[in-house]
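So the chains spell out like this:
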Amino acid sequence: MKYCITNGKVILKNQVVDANVYVENTKITEISNRQPDDETVIDAKGRYVSPGFIDVHTHGRGGSDTMYNTFEDLDTITSTAVKTGVTGILPTTMTMSKEDTYAAIKNVGDNMDKVGGSKILGVHMEGPFFNTKYKGAQPEEFMIKPTAENYSSLVGEIVKKLSLAPELKDSDKLIEYLVKEGVVVSIGHTNATYDEAVVGIKAGATSGTHTYNAMTPLTHRNPGVVGAIMEHDEVYAELILDGIHVSYPAAKVLLRAKGLDKVILITDSIEASGLEDGQYKLGNQAVFVKDNSARLEDGTLAGSILAMNNAVKNAYQHLGLSINEAVNLASYNPAKNLNLIDLGEIAVNKTADIIMFDEEINVDFVMIDGNVKIGG
């Protein structure tokens, strides 16, 4: 199928332009002002034409969780995420038993090409190689030693990202193994010192998991994991930008330290995302949703109910960014971190994962791999 998207404000990596975007089959073939010929015309009606968002850290939405390990749950997660502009997703596991983790990852592998919403790009394993001191909402009874053997007992070939605590014995060896396997390693739920975090980075870790949260903070004598993430240019920083997990001034500090190309917006969303206030679950724990936050009974934050289009909106409205800069945090940057060179950008020869939204970042059009999923 051949399309021409016209009358839109096209968000490129470094600017917004008035141009037509041409799509043929799965690719963007042209960005120009020529008039359409035999293409099917899609009128953007003045909306922004944007690369689709990529959520590299999301447990669930719409009453479903990755750990529920059914096709129906994956389909619900992707079908609700796509309505928020997410065209690519890493369903994210959490620290649970080996049997539950294996079943969840196998379920993603079996069904990733069958779901109806956002396309599944792989799995993000959040745990089980964590430090109990910074467990957050991760159940400590299922945390195990970071070894290649333990990792291999849990997974197939679809893990794209794994979060771990670098201070645990032999974590550096596991990081080196994972990097050779093509897995992006992220530092999280960790009590590491600055020096221990640097060992993990030198072993190959290139990401910080929900930066600031569940990690040693930056202080003037102990820079901690936060300081190591900020200092090292090769490390991307995940950020839950809901105004609850991280204040907007702290988010600005992170952007200033990392630069606009190294911060990644994530939702860390749970099954309660998109639903009303009430009691839900995360793993085997009760979660209570009220006032836009999700917490365990003791008040510990337990993921979020954030939608990605709202994270982008918050970046645009609260961090002093241009619209293309805000969009890059949810598209170009995660694609680069995952080494997915065909995604994350409106440019010739890139995959046609395209969304449209209004000034409030309300999404009402989604195209994935050149196929219209929402709108027209």
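What comes next concerns the included structure. (Residues numbered from 1 in each chain as written. Predicted model: local features only at pLDDT ≥ 70, side-chain atom pairs only at ≥ 80, totals over all residues. Heavy atoms only, no water.)

### Side note on the overall build of the protein
Link 1 in the chain: Scanning the protein for helices and strands turns up ten helices and 22 strands.
Link 2 in the chain: By the compact-globule yardstick of 21 Å for 376 residues, the protein fits well, its C-alpha radius of gyration being 20 Å.
Link 3 in the chain: By principal-axis analysis of the C-alpha atoms, the protein measures approximately 60 × 45 × 45 Å.
Link 4 in the chain: Taken over 376 residues, the protein has a buried fraction of 59%.
Link 5 in the chain: By sequence separation, contacts in the protein at least 24 residues apart represent 70% of the contacts at least 6 residues apart.
Link 6 in the chain: Accessible area of the protein: about 14,700 Å², with a carbon and sulfur share of 46%.
Link 7 in the chain: Side-chain charges in the protein split into 34 positive and 50 negative, and the spacing between the mean points of these groups amounts to 3 Å. (Helix = DSSP H or I, 4+ residues; strand = E, 2+ residues; numbered from the N terminus. Rg over C-alpha atoms; globule rule 2.2 N^0.38 Å. Buried < 20%, exposed > 50% of the residue type's maximum accessible area, 1.4 Å probe, protein only. Contact = heavy atoms within 4.5 Å. Areas by Shrake-Rupley, 256 points an atom, 1.4 Å probe, with all protein chains shown as cover. Lys, Arg positive; Asp, Glu negative; His and termini not counted. Charge placed at Lys NZ, Arg CZ, Asp CG, Glu CD.)

### Brief notes about the packing of helix α5 (residues 194-203) against helix α6 (residues 224-231)
Link 1 in the chain: Where α5 contacts α6, the two axes come as close as 8 Å, and the packing angle between them is 45°. With respect to α6, the axis of α5 lies oblique. Seen along the crossing, α5 lies across α6 with a hand that is right-handed. Packed against α5, whose contacting residues are Y194, A197, V198 and I201, the element α6 presents G224, V225, G227, A228 and E231 at the interface.
Link 2 in the chain: Classifying every residue of the contact of α5 with α6 gives six nonpolar, two polar and one charged. (Axes fitted to C-alpha atoms, helices over the stretch in contact; angles between N-to-C directions. Parallel < 35°, antiparallel > 145°, perpendicular 65-115°, else oblique. Left-handed = near helix turned anticlockwise from the far one by under 90°. Nonpolar A, V, L, I, M, F, W, Y, C, P; charged D, E, K, R; others polar.)

### Topic: the pairing of strand β16 (residues 263-266)
Link 1 in the chain: Residues V263 and L265 point to one face of β16 and I264 and I266 to the other, with burial holding for every one of them.
Link 2 in the chain: Bridge count for strand β15 (residues 236-240) against β16 is four bridges, and the pairing is parallel. Looking at the pairing, E238 lines up with I264 of β16.
Link 3 in the chain: Crossover β15 to β16 through helix α7 (residues 248-258) is right-handed. (Pairing = 2+ DSSP bridges. Right-handed = clockwise from strand over helix to strand, strands pointing away.)

### Some details on the sheet that holds strand β17 (residues 278-282)
Link 1 in the chain: With antiparallel pairing, the three strands of this open sheet are ordered in space as β17-β18-β19. Each of the sheet's edge strands pairs with one partner strand only, and the pair in question is β17 and β19 (293-295). When strand polarity is set aside, the average angle formed by the axes of neighbouring strands in this sheet is 35°.
Link 2 in the chain: With five bridges connecting them, β17 and strand β18 (residues 285-290) associate as antiparallel partners. Residue pairing for β18: G278 is matched across the bridge by V289.

### A few points about the nonpolar core
Link 1 in the chain: Within the largest apolar cluster, 84 residues are counted, with the highest numbers of intra-cluster contacts made by F53, M125, Y151, L265 and F357.
Link 2 in the chain: Of the residues forming this core, the biggest block, five residues, is contributed by α6.
Link 3 in the chain: With near-sequence residues (within four places) excluded, M125 lies in contact with T93, T101, I105, Y151, L154, V155, V159, K161, L162 and S163.
Link 4 in the chain: Y3, V10, V17 and I354 belong to the second largest nonpolar core, which has 18 residues in total. (Core = buried A, V, L, I, M, F, W, Y, C linked by side-chain atoms within 4.5 Å.)

### Considerations on the environment of I305
Link 1 in the chain: On the secondary structure map, I305 appears in the loop between β19 and α8 (308-318).
Link 2 in the chain: The class for I305 is buried, based on a relative accessible area of 19%.
Link 3 in the chain: As for I305 and D43, which are separated by 262 residues in sequence, their C-alpha atoms are 32 Å apart.
Link 4 in the chain: In contact with I305, not counting residues within four places along its chain, are A272, S273, V289, N292, S293 and A294.

### Regarding the layout of surface pockets
Link 1 in the chain: Here the largest pocket is characterised by a volume of approximately 190 Å³.
Link 2 in the chain: The wall of the largest pocket is formed by 18 residues, among which H189, H210, D268, L301 and G303 lie closest to the centre.
Link 3 in the chain: As a volume, the second largest pocket reaches approximately 150 Å³.
Link 4 in the chain: Around the second largest pocket sit D242, I244, N292, I305, L306, A307, N310, K313 and N314, which together line it.
Link 5 in the chain: Partitioned by chemical class, the residues of the lining of the second largest pocket number four nonpolar, three polar and two charged. (1 Å grid on protein atoms, 1.4 Å probe; cavity = no way out; pocket = protein on both sides within 12 Å on 5 of 7 lines; lining within 4 Å. Points joined across faces, edges and corners; volume = space filled by probe spheres on them.)

### Digging into the side chain of R47
Link 1 in the chain: Residue placement: R47 occurs in the loop between β4 (40-43) and β5 (48-51).
Link 2 in the chain: Looking at R47, its side chain comes within polar contact range of the main-chain oxygen of A44, at 2.7 Å.
Link 3 in the chain: Setting aside chain neighbours within four positions, we find R47 in contact with N7, G8, K9, M356, F357, D364, F365 and G376. (Polar contact = N/O pair within 3.5 Å; in protein donor to acceptor, adjacent residues only side chain to side chain.)

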